[in-house]
Amino acid sequence: MKQLFATTFPTRLGYMRAVSDEAGLLRLDWEQTPFPDNDHENDVSRETSQQVLAYLSGALKDFTLPLSPKAASPKLRDWLTHIAAIPYGEVRSYRDLARAWGNEKAARAAGSACQRNPIPLIIPCHRVIGTDATFTRYSGGDRAAPDNPENITRKKALLDLEAGLS
C-alpha cells in the first residue's frame, strides 16, 4: 500500500485537505468542519494548499499541480479531462460538457461526473451550470447534500471570484 500524505487548511469556504501520494494529488477533500486526522505532508500536498489559497485570494488563475485521480474510473477520468479544459472565468452547460465528451444526450452523466470529481476547484466542476444559466446542485463543501443552498452559495462565490466580482 502506498503512503498517503495530507495537508489540511482552513479557507473562507470551509476546511480543505489535499491528499497526495508521491506521484501527485489524489483528491481535495472539502468539508465545513475541521478534519480529525493529523497531517503527514509532502511537497505536493503543501503546494496544493498554497495554490488553492492563492486561487481563493484571486492571485492564481491556473493550477500547476501533478494530478493523480487514480481512484476514478477510466470513464470518470475522461470526463474530468473535459471539465479541466474549461478556462478560468468561463462556464459551460452540462449539455456543452456532454457534447465535448462526445454525446450531447449525456448531460446527466456530465452532472454525475461533476458530483464525483475528487479534485474540486483544481478540476473546475463549479464552472459547469444548467443550460438555462442556473445552478441548483453543487457538492463543493458538503458532498452529502449537493442541493444544499450553502453549497450553491459556495459555487456562486467561486464563479463570482473568477468573474472579478468578489
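To be clear, the structure that these remarks concern was listed above.
Throughout what follows, the structure given in this document is the object of discussion.

Scoring rules and cut-offs
Residues numbered from 1 in each chain as written. Predicted model: local features only at pLDDT ≥ 70, side-chain atom pairs only at ≥ 80, totals over all residues. Heavy atoms only, no water. Helix = DSSP H or I, 4+ residues; strand = E, 2+ residues; numbered from the N terminus. Rg over C-alpha atoms; globule rule 2.2 N^0.38 Å. Buried < 20%, exposed > 50% of the residue type's maximum accessible area, 1.4 Å probe, protein only. Contact = heavy atoms within 4.5 Å. Areas by Shrake-Rupley, 256 points an atom, 1.4 Å probe, with all protein chains shown as cover. Core = buried A, V, L, I, M, F, W, Y, C linked by side-chain atoms within 4.5 Å. Polar contact = N/O pair within 3.5 Å; in protein donor to acceptor, adjacent residues only side chain to side chain. Phe/Tyr/Trp six-rings, centres within 6.5 Å; stacked < 30°, edge-to-face > 60°. Pairing = 2+ DSSP bridges.

### Focus on the overall build of the protein chain
Step number 1: Regarding its fold elements, the protein chain presents five helices and five strands.
Step number 2: Reading the protein chain from its N terminus to its C terminus gives the helix and strand order β-β-β-α-α-β-α-α-β-α.
Step number 3: Computed over C-alpha atoms, the radius of gyration of the protein chain comes to 15 Å, within 12% of the 15 Å expected from 2.2 N^0.38 for 166 residues, which places it in the range of a compact globule.
Step number 4: Taking all 166 residues of the protein chain together, 48% fall into the buried category.
Step number 5: The contacts in the protein chain between residues at least 6 apart in sequence include a share of 54% that link residues at least 24 apart.
Step number 6: Accessible area of the protein chain: about 8600 Å², with a carbon and sulfur share of 52%.

### Describing the nonpolar core
Step number 1: Among the nonpolar cores identified, the biggest contains 38 residues, and Val 52, Tyr 55 and Leu 121 are the most heavily contacted of them.
Step number 2: Among the secondary structure elements, those contributing two or more residues to this core are strand S2 (14–20), strand S3 (25–31), helix H1 (43–56), helix H2 (74–84), helix H3 (94–101), helix H4 (107–115) and helix H5 (149–162).
Step number 3: The residues contacting Leu 121, other than those within four sequence positions of it, are Met 16, Leu 28, Trp 30, Val 52, Tyr 55, Phe 63, His 126, Tyr 138 and Leu 158.

### Looking at the side chain of Asp 21
Step number 1: Topologically, Asp 21 is positioned in the loop between S2 and S3.
Step number 2: Look at Asp 21 and you get buried, because its relative accessible area is 3%.
Step number 3: Reaching out from Asp 21, the side chain makes a polar contact with the backbone nitrogen of Ala 23 at a distance of 2.8 Å.
Step number 4: If we ignore the near neighbours within four places in the chain, the residues touching Asp 21 are Lys 2, Gln 3, Leu 4, Phe 5, Leu 26, Asn 42, Ser 68 and Lys 70.

### A closer look at the packing of aromatic side chains
Step number 1: In the structure shown here, the tally under the stated rule is four aromatic pairs.
Step number 2: Between Tyr 55 and Phe 63, the ring centres sit 5.3 Å apart and the planes meet at 45 degrees, which makes this aromatic pair tilted.
Step number 3: With a relative accessible area of 19%, Phe 63 lands in the buried category.

### Thoughts on the environment of Val 91
Step number 1: Note that Val 91 resides in the loop between H2 and strand S4 (92–93).
Step number 2: With relative accessibility at 37%, the residue Val 91 sits in the partly exposed group.
Step number 3: Sequence-wise, Val 91 and Gly 102 are 11 residues apart; in three dimensions their C-alpha atoms are separated by 18 Å.
Step number 4: The residues touching Val 91, leaving out its near neighbours within four places in the chain, are Arg 127, Ile 129 and Leu 159.

### So, the pairing of S2
Step number 1: Within S2, six of the seven residues are buried, which leaves the element mostly enclosed by the surrounding structure.
Step number 2: Examined bridge by bridge, strand S1 (residues 5–11) and S2 share seven bridges and lie antiparallel to one another. Bridged to Ala 6 within S2 is Val 19.
Step number 3: Between S1 and S2, which pair antiparallel in sequence order, lie two residues.
Step number 4: Here S2 pairs with S3 via six bridges, running antiparallel. When the bridges of S3 are listed, Tyr 15 appears paired with Glu 31.
Step number 5: In this structure, the hairpin formed by S2 and S3 is closed by a connection of four residues.

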